[in-house]
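Each chain, letter by letter, is given below.
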Amino acid sequence: MSRTFPYQQVDVFAPTTFNGNGLAVVFDADGLDTGQMQAFARWMNQSETVFFISPTESDADYAIRIFTPSIELPFAGHPTLGAAHAWLEAGGEPQVPDQLLQQCPAGLIEVRIERQPSAKYARRLSFLAPPLTRSGPLEDDVLQWATAGLGIDPRDVIAHQWLVNGPNHVGLMLRDADVVLGIEPDWVALEGLEIGVIGPYTSASIPMGSWQPRDSVLPRVAGTREELRPLDASDLQRSEERFGSVVLQPPADFEARSFIPSEAIQEDPATGSLNAGFGQWLIEAALAPQRYTVRQGTRVGRAAVLHVEHDGAGVWVGGDVVTRIDGNVSFDAH
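Predicted model only: the values in this text are computed from it and were never measured.

### What to know about the nonpolar core
And step 1. In this structure, Phe52 and Tyr62 are the most contacted members of the largest nonpolar core, which totals 50 residues.
And step 2. Among the nonpolar cores identified, the runner-up in size contains 20 residues, and Ile152, Leu172, Leu193 and Val197 belong to it.

In structure tokens:
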């Protein structure tokens, strides 16, 4: 015997099709136990999988449990926005217009509806960053562990901080987006750390003007791994002469990457919880403006965009969310 549950797969922080972070969503999952949920999340092999359960808080619009392929998380950002979108898509009606309260093991998380879906756009949602449960500068040995495992010069680290809000993020602000994109992590050396890095796009990152490549040099082929590798001025074989076009303006204010060596998905395409922590830290420390955008997932073939904003209530992290798959999933009955 098997039981069938409504299922969706949504694309979170996706400004264009299939460029965000996918999320598996299972509805009406009260009848599933923790082992079944974890087994399904492991089988899906996505950054996270969400299961809707009945809320126990009267103020909550809905409740979820969040699983990576290996563990359950008390909170995560892209599952929060993906679950909110899926709940609304399934006909959910919030108690307060344009505002949702999600119950998860970390507590009640506020989600606001920034923009309803249209023929052109996905739904834009934002969540209010929960308080950090651990903050403050990294210990010297942790910082050394992180920089060595990432293969970066410690002098390129502008600032560092614990950013724990569910996941146990270690946060590094690096000199610029080029340093972020150039990282080639040593996964074995980093085992045991969850590291997020962020760096601003600067004028040095933006080629000025336009030009044509030499006739004798073939341009890169779009969509290849080569295109995703950062340029290095000392790398003559991959010099800009090979490229048929240049970026004339930055794709966002910052570039971010999230490394989770212990998980099946070792580099997360788009990480709401990490960027929530970055927003709380960097804005308060005057290392970022009150409102900015982040691109993430570049080195894994994505182009996610996250919108971070500080207002009187706190730091909000938002992005576009759209449903890609709508159907059912079957579980064997115990």
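Picking up after the structure, the text goes on.
### Focus: the environment of Asp30
And step 1. Locating Asp30 in the fold gives a position in the loop between strand 2 (21-26) and helix 1 (34-44).
And step 2. For the pair Asp30 and Ile53, spaced 23 residues apart in sequence, the C-alpha to C-alpha distance is 5.1 Å.
And step 3. Reaching out from Asp30, the side chain makes a polar contact with the side chain of Ser54 at a distance of 2.7 Å.

### Observations concerning the pattern of salt bridges
And step 1. Counting across every chain of the model gives 16 salt bridges.
And step 2. One salt bridge in this structure joins Glu309 and Arg112, with 3.5 Å as the shortest N-O distance. Of this pair, Glu309 sits in strand 15 (residues 304-311) while Arg112 sits in strand 7 (residues 107-115); the two residues are 197 residues apart in sequence, bridging distant segments of the chain.
And step 3. Arg112 is the partner of Asp311 in a salt bridge, and the nearest nitrogen-oxygen pair spans 3.4 Å. Here Asp311, found in strand 15, pairs with Arg112, found in strand 7; they are 199 residues apart in sequence, far enough to count as distant.
And step 4. The exposure class of Asp311 is partly exposed, given its relative accessible area of 24%.
And step 5. The network of salt bridges with common partners includes Arg112, Glu114, Arg291, Glu309 and Asp311.

### Overview of the layout of surface pockets
And step 1. Estimates place the volume of the second largest pocket at around 250 Å³.
And step 2. Lining the second largest pocket are 23 residues, and of these Glu48, Thr68, Leu73, Ile260 and Glu263 lie nearest its centre.
And step 3. Of all the elements in the fold, those that place two or more residues in the lining of the second largest pocket are helix 2 (77-89) and helix 7 (272-284).
And step 4. The element contributing the most residues to the lining of the second largest pocket is helix 2, with 3 residues.
And step 5. The class makeup of the residues in the lining of the second largest pocket is 9 nonpolar, 10 polar and 4 charged.

### Section: helix 7
And step 1. For helix 7, spanning 13 residues, the distance from its first C-alpha to its last is 18 Å, which sits close to the expected 18 Å at 1.5 Å a residue.
And step 2. Most of helix 7 sits inside the fold, with 12 of its 13 residues counted as buried.
And step 3. Buried residues of helix 7: Gly272, Ser273, Leu274, Asn275, Ala276, Gly277, Phe278, Gly279, Gln280, Trp281, Leu282 and Ile283, and no others.
And step 4. The positive-phi residue at the C-terminal boundary of helix 7 is Ala286, with phi of around 60°.

### Details of the packing of aromatic side chains
And step 1. Going through the model one piece at a time under the given rule, you end up with 13 aromatic pairs.
And step 2. Ring centres 5.8 Å apart and planes at 65° place the aromatic pair Trp187 and Phe259 in the edge-to-face group. Residue Trp187 is located in helix 5 (residues 187-190), and its partner Phe259 is located in strand 12 (residues 254-259); the two are separated by 72 residues in the primary sequence.
And step 3. Overall, the relative accessible area of 24% leaves Trp187 in the partly exposed class.
And step 4. Residues Phe254 and Tyr292 carry aromatic rings whose centres are separated by 5.0 Å and whose planes lie at 65° to one another, so their mutual orientation is edge-to-face. Of this pair, Phe254 sits in strand 12 while Tyr292 sits in strand 14 (residues 291-296); the two residues are 38 residues apart in sequence, bridging distant segments of the chain. Taken as a pair, Phe254 and Tyr292 share a single burial class, namely buried.
And step 5. Note that Arg134 overlies the ring of Trp162, its terminal NZ or CZ placed 3.7 Å from the centroid.

Quick notes on the rules
- Residues numbered from 1 in each chain as written.
- Predicted model: local features only at pLDDT ≥ 70, side-chain atom pairs only at ≥ 80, totals over all residues.
- Heavy atoms only, no water.
- Core = buried A, V, L, I, M, F, W, Y, C linked by side-chain atoms within 4.5 Å.
- Buried < 20%, exposed > 50% of the residue type's maximum accessible area, 1.4 Å probe, protein only.
- Helix = DSSP H or I, 4+ residues; strand = E, 2+ residues; numbered from the N terminus.
- Polar contact = N/O pair within 3.5 Å; in protein donor to acceptor, adjacent residues only side chain to side chain.
- Salt bridge = Lys/Arg side-chain N within 4 Å of Asp/Glu carboxyl O.
- 1 Å grid on protein atoms, 1.4 Å probe; cavity = no way out; pocket = protein on both sides within 12 Å on 5 of 7 lines; lining within 4 Å.
- Points joined across faces, edges and corners; volume = space filled by probe spheres on them.
- Nonpolar A, V, L, I, M, F, W, Y, C, P; charged D, E, K, R; others polar.
- Expected span 1.5 Å × (residues − 1).
- Phe/Tyr/Trp six-rings, centres within 6.5 Å; stacked < 30°, edge-to-face > 60°.
- Lys NZ or Arg CZ within 6 Å of the ring centre and 35° of its normal.

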